[in-house]
Amino acid sequence: MATGTDQVVGLGLVAVSLLIFTYYTVWVILLPFIDSQHVIHKYFLPRAYAVAIPLAVGLLLLLFVGVFITCVMLKNQKVAKKAQ
Amino acid sequence: MTKLAQWLWGLALLGSTWAALTMGPTLGLELPLTCREVLWPLPAYLLVTVGCFALGTVGYRVATFNDCEGAALELQTQIQEARADLARKGLRF
C-alpha cells in the first residue's frame, strides 16, 4: 500500500469525485421527479446552471492546457535561440 | 473498423438519438415534461460522470499503489553512481 501523502491525496480525490457525482446526479436526474414544493430544491441552483457550470469549467481547463503548452513552447524556443 | 471510427460511430448514434428526442416536440413527438427535463442535460451529465469516474480511478490507484522500498534505494544509489561517472567524464549538469 502507498503511504503518507499518497494515500491522503488518493482518497481525497476519490471522495471529491464521489461528492461531485452524487450532487450532480441528484441535480440532473432526481430533482425533476421531486415535487417542486419540497424543501430540497433550496439546495440546488436553477437547472440551467447544470449545463452552464460544467461547460464553463471545461472551457477553463482547455484554456489552462493551451496556456501551458504555449509557455512550454516559448521556453523551448528561447533555449534553442540561446544555444545558437 | 478502427477504434476511433467505432467511438465516433457510437457517439454519432447517441448524439442523433438525443437530438431527435430533444427536438421531438417541434416535430410532433410528445414526451411527458419530467422526461424532457431529465433528457436535455444528458450529454453534459454523461461527460461529468465519465470525468468523475476517471478522477476517482486515478485517486484510488494513487492510494493503493505499492511502495517498493528496496527498489527505490537501489535506484537512488544507481543515480548517484551515474552522476559521478558522467561528471568525471566531463558532462555538466
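Just so we're clear, the structure is a prediction, and the values are computed from it rather than from any experiment. (Residues numbered from 1 in each chain as written. Chains lettered and ligands numbered in written order. Predicted model: local features only at pLDDT ≥ 70, side-chain atom pairs only at ≥ 80, totals over all residues. Heavy atoms only, no water.)

**Some remarks on the packing of aromatic side chains**
A complete count under the given rule lists four aromatic pairs over all chains for this structure. When the centroid spacing of 5.8 Å and the interplanar angle of 10° are considered together, the rings of A:Y24 and B:Y45 count as stacked. One end of the pair, A:Y24, is in helix α1 (residues 5-30); the other, B:Y45, is in helix α4 (residues 42-64), on a second chain. The class of A:Y24 is buried, set by a relative accessible area of 5%. With relative accessibility at 11%, the residue B:Y45 sits in the buried group. These aromatic residues form a ring-pair network of at least three members: A:Y23, A:Y24, A:W27, A:F44 and B:Y45. (Phe/Tyr/Trp six-rings, centres within 6.5 Å; stacked < 30°, edge-to-face > 60°. Helix = DSSP H or I, 4+ residues; strand = E, 2+ residues; numbered from the N terminus. Buried < 20%, exposed > 50% of the residue type's maximum accessible area, 1.4 Å probe, protein only.)

**Let's talk about the environment of A:G10**
Note that A:G10 resides in helix α1. On the basis of relative accessible area, A:G10 is assigned to the buried category, the value being 0%.

**Overview of the interface of chain B and chain A**
The partner chain A presents 23 residues to the 21 residues of chain B that form the contact. Of the roughly 2,000 Å² buried at the junction of chain B and chain A (both faces included), carbon and sulfur atoms supply 75%. Joining chain B to chain A, the criterion identifies one salt bridge. Across the salt bridge formed by B:E37 and A:R47, the nearest N and O atoms sit 3.2 Å from each other. Linking chain B with chain A are two residue pairs in polar contact (both at pLDDT 80 or more). Those elements giving two or more residues to the side of chain B that touches chain A turn out to be α3 (33-39) and α4 of chain B. By residue number, the principal contributor to the side of chain B that touches chain A is α4(B), which donates 13 residues. Here the residues of the side of chain B that touches chain A sort into 13 nonpolar, six polar and two charged. (Contact = heavy atoms within 4.5 Å. Buried area = accessible area lost by both parts, 1.4 Å probe. Salt bridge = Lys/Arg side-chain N within 4 Å of Asp/Glu carboxyl O. Polar contact = N/O pair within 3.5 Å; in protein donor to acceptor, adjacent residues only side chain to side chain. Nonpolar A, V, L, I, M, F, W, Y, C, P; charged D, E, K, R; others polar.)

**Details of the UniProt feature "signal peptide" (unreviewed entry) in chain B**
What UniProt calls "signal peptide" (unreviewed entry) maps, in this numbering, to residues 1-19 of chain B. Helix and strand shares over residues 1-19 of chain B are 89% and 0% respectively, and the end C-alpha atoms of the span are 25 Å apart. (UniProt positions renumbered as here; feature names shortened; annotations may be inferred.)

**Details of the nonpolar core**
Residues A:Y24, A:W27, A:V28, A:L31, A:F44, A:A50, B:A44, B:Y45, B:V48 and B:C52 constitute the largest nonpolar core, which totals 10 residues. The set of elements that each furnish at least two residues to this core consists of α1 of chain A together with α4 of chain B. For this core, the element with the most residues is α4(B), which contributes four residues. The residues contacting A:F44, other than those within four sequence positions of it, are A:Y23, A:V26, A:W27 and A:L31. (Core = buried A, V, L, I, M, F, W, Y, C linked by side-chain atoms within 4.5 Å.)

**Topic: α4(B)**
In an α-helix, one full turn covers 3.6 residues, which means residues spaced three or four apart are oriented alike. Spanning 23 residues, α4(B) covers 33 Å between terminal C-alpha atoms, matching the ideal 33 Å at 1.5 Å per step. Those residues of α4(B) that fall on the buried side of the exposure criterion are B:A44, B:Y45, B:V48, B:C52, B:G56, B:G59 and B:A63. Buried positions along α4(B) lie against α1 and α2 (49-83) of chain A. (Expected span 1.5 Å × (residues − 1).)

**Remarks on the packing of α1(A) against α4(B)**
At a closest axis distance of 7 Å, the pairing of α1(A) and α4(B) adopts a crossing angle of 160°. The angle between the axes of α1(A) and α4(B) places the two elements in the roughly antiparallel class. Crossing hand, α1(A) versus α4(B): left-handed. (Axes fitted to C-alpha atoms, helices over the stretch in contact; angles between N-to-C directions. Parallel < 35°, antiparallel > 145°, perpendicular 65-115°, else oblique. Left-handed = near helix turned anticlockwise from the far one by under 90°.)

**Details of the pattern of salt bridges**
Residues and elements named next belong to chain B. According to the stated counting rule, one finds three salt bridges over all chains in the structure shown. Between R88 and D85 there is a salt bridge; the shortest N-O distance is 3.6 Å. Of this pair, R88 and D85 both sit in helix α5 (residues 69-88), separated by three residues, roughly a single helical turn. Take D85: its relative accessible area is 27%, and that puts it in the partly exposed class. Between D85 and K89 there is a salt bridge, with its nearest N and O atoms 3.3 Å apart. The class for K89 is exposed, based on a relative accessible area of 64%. Connected via shared salt-bridge partners are D85, R88 and K89.

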